[in-house]
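Coordinates in review
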Amino acid sequence: MEVSQLSDTGLFEGLSAQDIIAMAGHAVPRDYPRNTIVLRQGEPPHSLYIVLSGKVKVYVNGKDGKELVLGTLGPNGYFGEMALIDDSPRSANVRTTTESKIAVVSKANFMKCVGRNPEIAMNLLRTLAQRVRELNDTVESLALHSVEDRVSRLLKRLATEKDGKLVTDQITQQELANMVGASREMVSRVINAMKTRGVIEVSGKAITLNEDMLAAH
Ligand code: CMP
């Protein structure tokens, strides 16, 4: 596969062009339709995955089928490294949320590359540290903040600037609920209360954040 497709992932930061070329020789690009489960929690690991285009979400399911989203990854993000590192079953499920192209590297080839390039091990450690930081935020949020605070923090994280306003991409209340660990009904009540207070505007599945909300927290 094309070397340029892999050179921007943080996983290979610090590697020489030659080493990235060698790595590219082991990576197989695959197309995944939207909503495809790429790996399942509990399965034995066989590969590492690098997102070339599209988006995936990492999530776990409760016994009642409820979903908690642990993170999302876009182009140049990678996943499936944890079970390769500790030789244990997959720690979470990963599903595409848009059509995606993902490079797949077999466990054996990846381990060979890590052995030859210690920089990869350092890059993996950096990613793991970032994930622990994000998890600390999530745990703090779940344990110490109200559902409204959690929704408010999440909306600020998801929103991007459009025509001078901060607006989220299309997102359903069920998806918001899965990301803050609350029921859809609760999130719906919170969104309605925020709408009534004028801190957000809702138009279809997009949410615009008003200045009062940005000033809070
Ligand atoms: P692995 O355990 O092999 O399979 C599931 C993958 O999801 C895992 O590797 C990581 O790549 C990713 N993952 C697990 N937990 C998190 C998290 N809290 N945040 C982001 N990604 C995660």
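All values derive from a computational prediction rather than experimental measurement.

Criteria and thresholds
- Residues numbered from 1 in each chain as written.
- Predicted model: local features only at pLDDT ≥ 70, side-chain atom pairs only at ≥ 80, totals over all residues.
- Heavy atoms only, no water.
- Near = heavy atom within 4 Å.
- Polar contact = N/O pair within 3.5 Å; in protein donor to acceptor, adjacent residues only side chain to side chain.
- Areas by Shrake-Rupley, 256 points an atom, 1.4 Å probe, with all protein chains shown as cover.
- Helix = DSSP H or I, 4+ residues; strand = E, 2+ residues; numbered from the N terminus.
- Nonpolar A, V, L, I, M, F, W, Y, C, P; charged D, E, K, R; others polar.
- Buried < 20%, exposed > 50% of the residue type's maximum accessible area, 1.4 Å probe, protein only.
- Contact = heavy atoms within 4.5 Å.
- Salt bridge = Lys/Arg side-chain N within 4 Å of Asp/Glu carboxyl O.
- Pairing = 2+ DSSP bridges.
- Arc of directions from axis to C-beta.
- Axes fitted to C-alpha atoms, helices over the stretch in contact; angles between N-to-C directions.
- Parallel < 35°, antiparallel > 145°, perpendicular 65-115°, else oblique.
- Phe/Tyr/Trp six-rings, centres within 6.5 Å; stacked < 30°, edge-to-face > 60°.
- Lys NZ or Arg CZ within 6 Å of the ring centre and 35° of its normal.

**Here we look at the site of the ligand**
In the neighbourhood of the ligand, 14 residues make up the surrounding shell, with Gly 80, Glu 81, Ala 83, Arg 90 and Ser 91 lying closest. Between the ligand and Gly 80, the relevant distance is 2.8 Å, taken from an oxygen atom to a main-chain nitrogen or oxygen of the residue. Taking 460 Å² as the accessible area of the ligand by itself, protein coverage stands at 96%. Residue assignment for the shell around the ligand shows that the elements contributing at least two residues are helix H2 (81-86) and helix H4 (118-144). It is H2 that contributes the most residues to the shell around the ligand, three residues altogether. Considered class by class, the residues forming the shell around the ligand number nine nonpolar, two polar and three charged.

**A look at the environment of Glu 119**
When you line up the elements, Glu 119 lands in helix H4. Judged by its relative accessible area of 34%, Glu 119 falls in the partly exposed class. Along the backbone, Glu 119 and Glu 201 are 82 residues apart, and their C-alpha atoms lie at a distance of 46 Å. Once residues within four sequence positions are removed from consideration, Glu 119 is found in contact with Glu 13, Gly 14 and Leu 15.

**Digging into the pattern of salt bridges**
This model, assessed by the stated rule, comprises seven salt bridges. In this structure, the salt-bridge partner of Arg 197 is Glu 148, at a minimum N-O distance of 2.6 Å. Residue Arg 197 is located in helix H7 (residues 184-197), and its partner Glu 148 is located in helix H5 (residues 147-158); the two are separated by 49 residues in the primary sequence. The salt bridge partner of Lys 162 is Asp 169, with a shortest N-O separation of 3.4 Å. Take Lys 162: its relative accessible area is 36%, and that puts it in the partly exposed class. For Asp 169, a relative accessible area of 47% translates into the label partly exposed.

**Here we look at the pairing of strand S8 (residues 100-106)**
For S8, the buried fraction is high: five of the seven residues fall into the buried class. Of the strand pairs in this sheet, strand S3 (residues 47-53) and S8 are connected by six bridges, and their pairing is antiparallel. In the strand pairing of S8, Ser 53 is matched with Lys 101.

**Overview of the environment of Val 167**
Topologically, Val 167 is positioned in strand S10 (residues 165-167). Once residues within four sequence positions are removed from consideration, Val 167 is found in contact with Ala 159, Thr 160, Lys 162, Ala 206, Ile 207 and Thr 208.

**Here we look at helix H1 (residues 17-24)**
Ile 20, Met 23 and Ala 24 are the residues of H1 that are buried. Each buried residue of H1 sits inside an arc of 100 degrees when the element is viewed along its axis, so together they form one side. Projecting away from the buried face of H1 at angles above 90 degrees are the exposed residues Gln 18 and Ile 21.

**Examining the packing of H5 against helix H6 (residues 173-180)**
Describing two packed helices takes the angle between their axes plus the distance from one axis to the other. As a packed pair, H5 and H6 sit with axes 10 Å apart at the nearest point and diverge in direction by 110 degrees. Considering the angle they form, H5 stands roughly perpendicular to H6. Facing Arg 150, Val 151, Leu 154, Leu 155 and Leu 158 of H5, the residues of H6 in contact are Leu 176, Met 179 and Val 180. Residues belonging to the contact of H5 with H6 are distributed by class as follows: seven nonpolar, no polar and one charged.

**So, H6**
What H6 keeps buried is the set Leu 176, Ala 177, Asn 178, Met 179 and Val 180. Considering only its buried residues, H6 is in contact with strand S5 (67-73), H4, H5, H7 and strand S12 (206-209). Of the residues trailing H6, Gly 181 is marked for its positive phi of about 70 degrees.

**Quick word on the packing of aromatic side chains**
Between two aromatic rings, the relevant description is the distance of the centres plus the angle of the planes. In the structure shown here, the tally under the stated rule is one aromatic pair. Measuring from centroid to centroid gives 5.1 Å for Tyr 49 and Phe 79, while their planes differ by 0 degrees, and the two rings are stacked. In this pair, Tyr 49 sits in strand S3 while Phe 79 sits in strand S6 (residues 78-79), placing the two residues 30 residues apart along the sequence. Here Tyr 49 and Phe 79 have matching classes, each one buried. Over the face of the ring belonging to Tyr 59 we find Lys 57, whose NZ or CZ atom lies 5.5 Å from the ring centre. Above the face of the Tyr 78 ring, Arg 131 is positioned so that its terminal group lies 5.9 Å from the ring centre.

What is shown is where atoms sit, not what they do.
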